[in-house]
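Structural overview
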Amino acid sequence: MERERGAAMAGLQLRHIPVMLDEVLEGLALQSCGRYLDGTFGRGGHARAMLARLSDSGRLFLMDRDPTAIAEAQASFAADPRVAIRHDNFATMGEWPELAEGGLDGILLDLGVSSPQLDDTSRGFSFMGDAPLDMRMDTSRGESAADFLAMAEEREIADVLWQFGEERFSRRIAKAIVERRAEQPITRTSELADLVARCVGRREPGKNPATRSFQALRIRVNGELDAVDRGLAAALDLLKPGGRLAVISFHSLEDRAVKQFIRKHEGRVQGNRRAPPVEAKAALLAPVGKARFPSDAEVAANPRSRSAVLRVAEKLG
Ligand SMILES: C[S@@+](CC[C@H](N)C(=O)[O-])C[C@H]1O[C@@H](n2cnc3c(N)ncnc32)[C@H](O)[C@@H]1O
């Protein structure tokens with residue numbers, strides 16, 4: 001809270017506006033006495049709305065890998081007997097005994113970073129301003145972006161920038177990073193942003209030249225795609241028949257993983273949309289409607305929602 005107060009005084013907005021809230025609630029088809037997991041609590045925008053729809057016998061389980069988000073969850077909900085809170089990666093949701101014992105009627109994963117994480121420049125996610133090059137969502141463990149850039153081979157840095165950021169100048173940037181670190185380690189966001197800007201030839205309209213590199217490093221440092229794969233598999237195990245999975249993605253790599261996961265368990269052959277579904281009894285998931293996107297009004301009110309895609313699926317009996 002101290003950090004939030006400080007940031008607020010510095011003019012930062014550490015609020016997070018929940019994305020596609022109505023669509024998520026509709027997709028989860030909440031039952032008042034059901035058991036639900038919000039695996040990405042953030043600042044609790046979705047969680048608050050879910051809780052408002054639960055009766056005294058409903059249960060809401062909250063997870064986030066960011067200790068700041070968990071502190072907020074504790075402050076807001078620890079006293080509510082319907083709520084349980086756990087600081088962890090949602091990839092490990094299957095290891096939460098209460099979830100495994102009772103199963104779940106719905107799971108929400110609102111992927112990526114929250115506005116407070118982006119706007120608190122001290123976290124190192126943003127190329128605006130200057131801060132330690134950290135980028136860890138879970139600041140209690142793991143290597144920072146600065147650690148990664150200090151240790152990784154040039155080839156690996158280039159691969160990360162290309163695969164997770166589709167950065168066309170990945171090789172040039174990786175080479176410049178390795179040359180620079182031979183003189184002095186790259187430890188600040190502004191150093192990296194300046195270095196990338198010098199390597200990137202033509203700028204994409206409306207985009208900071210460091211956008212792709214920062215996204216790529218963030219995905220690598222937090223193992224985001226691996227977490228999505230493991231989290232989806234665990235979610236499928238934990239859902240009861242008829243339970244709903246709702247996932248909001250913010251970039252194409254995540255959305256592709258979610259889409260392929262649903263398709264695989266719907267019984268379609270990956271990469272072949274025209275292939276007939278496998279036998280109905282082998283299918284474990286049914287997509288609920290098509291992918292949904294924020295309305296123009298939502299994007300106007302909350303520009304950060306613009307790249308969101310919501311997919312919902314139901315576990316079959
Ligand atoms: C887009 S925000 C969620 C916002 C939230 N729905 C709200 O309305 O306030 C994403 C949150 O998910 C968390 N997160 C991202 N990946 C995670 C993972 N693998 N496990 C747990 N939390 C994760 C981030 O720390 C961040 O707080």
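This is a predicted model, so every value here is computed, not measured.

Thresholds applied
Residues numbered from 1 in each chain as written. Predicted model: local features only at pLDDT ≥ 70, side-chain atom pairs only at ≥ 80, totals over all residues. Heavy atoms only, no water. Helix = DSSP H or I, 4+ residues; strand = E, 2+ residues; numbered from the N terminus. Contact = heavy atoms within 4.5 Å. Phe/Tyr/Trp six-rings, centres within 6.5 Å; stacked < 30°, edge-to-face > 60°. Buried < 20%, exposed > 50% of the residue type's maximum accessible area, 1.4 Å probe, protein only. Salt bridge = Lys/Arg side-chain N within 4 Å of Asp/Glu carboxyl O. Pairing = 2+ DSSP bridges. Right-handed = clockwise from strand over helix to strand, strands pointing away. Core = buried A, V, L, I, M, F, W, Y, C linked by side-chain atoms within 4.5 Å. Domains from an automatic or database assignment. Near = heavy atom within 4 Å. Polar contact = N/O pair within 3.5 Å; in protein donor to acceptor, adjacent residues only side chain to side chain. Areas by Shrake-Rupley, 256 points an atom, 1.4 Å probe, with all protein chains shown as cover.

1. Here we look at the environment of Q215
Locating Q215 in the fold gives a position in helix 11 (residues 211-221). It is 38 Å that separates the C-alpha atoms of Q215 and P81, two residues lying 134 residues apart in sequence. Excluding residues within four positions of it along the chain, Q215 makes contact with F164, G165 and H251.

2. Some thoughts on the packing of aromatic side chains
Throughout the structure, instances matching the rule amount to three aromatic pairs. Aromatic side chains F41 and F77 sit 6.0 Å apart centroid to centroid with 85 degrees between the ring planes, which places their arrangement in the edge-to-face category. You can see F41 sitting in the loop between strand 1 (35-38) and helix 3 (45-52) and its partner F77 sitting in helix 4 (residues 67-77), a full 36 residues away along the chain. When sorted by exposure, F41 lands in the same class as F77, which is buried. For the ring pair F127 and F214, a centre distance of 5.5 Å and an interplane angle of 85 degrees mean the geometry is edge-to-face.

3. Overview of the pattern of salt bridges
Under the defined criterion, the tally for this structure stands at 19 salt bridges. Notably, a salt bridge pairs E156 with R220, separated by 3.4 Å at the nearest N-O pair. Note that E156 is positioned in helix 8 (residues 154-165) and R220 in helix 11, a separation of 64 residues in sequence. Overall, R220 belongs to the partly exposed group, its relative accessible area being 26%. One salt bridge in this structure joins D255 and R311, with 2.7 Å as the shortest N-O distance.

4. Some details on the pairing of strand 2 (residues 59-64)
The element strand 2 is largely enclosed, with a buried count of six among its six residues. By the bridge criterion, four bridges tie strand 1 to strand 2 in an arrangement that is parallel. Bridge pairing in strand 2 places R35 opposite R59. As a crossover connection, the stretch from strand 1 through helix 3 into strand 2 is right-handed. Relative to strand 3 (residues 83-87), strand 2 runs parallel, the two sharing five bridges. Each bridged residue has a counterpart across the sheet, and for D64 the counterpart in strand 3 is H87. Taking the sense of rotation as the criterion, the β-α-β connection linking strand 2, helix 4 and strand 3 turns out right-handed.

5. Focus: the nonpolar core
Among the nonpolar cores identified, the biggest contains 35 residues, and L133, L149, I157, I173, I177, L192 and L195 are the most heavily contacted of them. Looking at this core, the elements that each hand over two or more residues are helix 7 (145-151), helix 8, helix 9 (170-183), helix 10 (189-199) and helix 11. Two domains each donate at least three residues to this core, and these are domain 1 (8-115 + 224-315) and domain 2 (126-222). L99, A235, A257 and I262 belong to the second largest nonpolar core, which has 29 residues in total.

6. A look at the site of the ligand
Surrounding the ligand, one finds 24 residues, the nearest of these being H46, D64, F90, D110 and Q117. At 3.1 Å, a backbone N or O of G44 approaches an oxygen atom of the ligand. In this structure, a nitrogen atom belonging to the ligand sits 2.7 Å away from a side-chain N or O atom of D110. Starting from 600 Å² of accessible surface for the ligand in isolation, the protein chains cover 99%.

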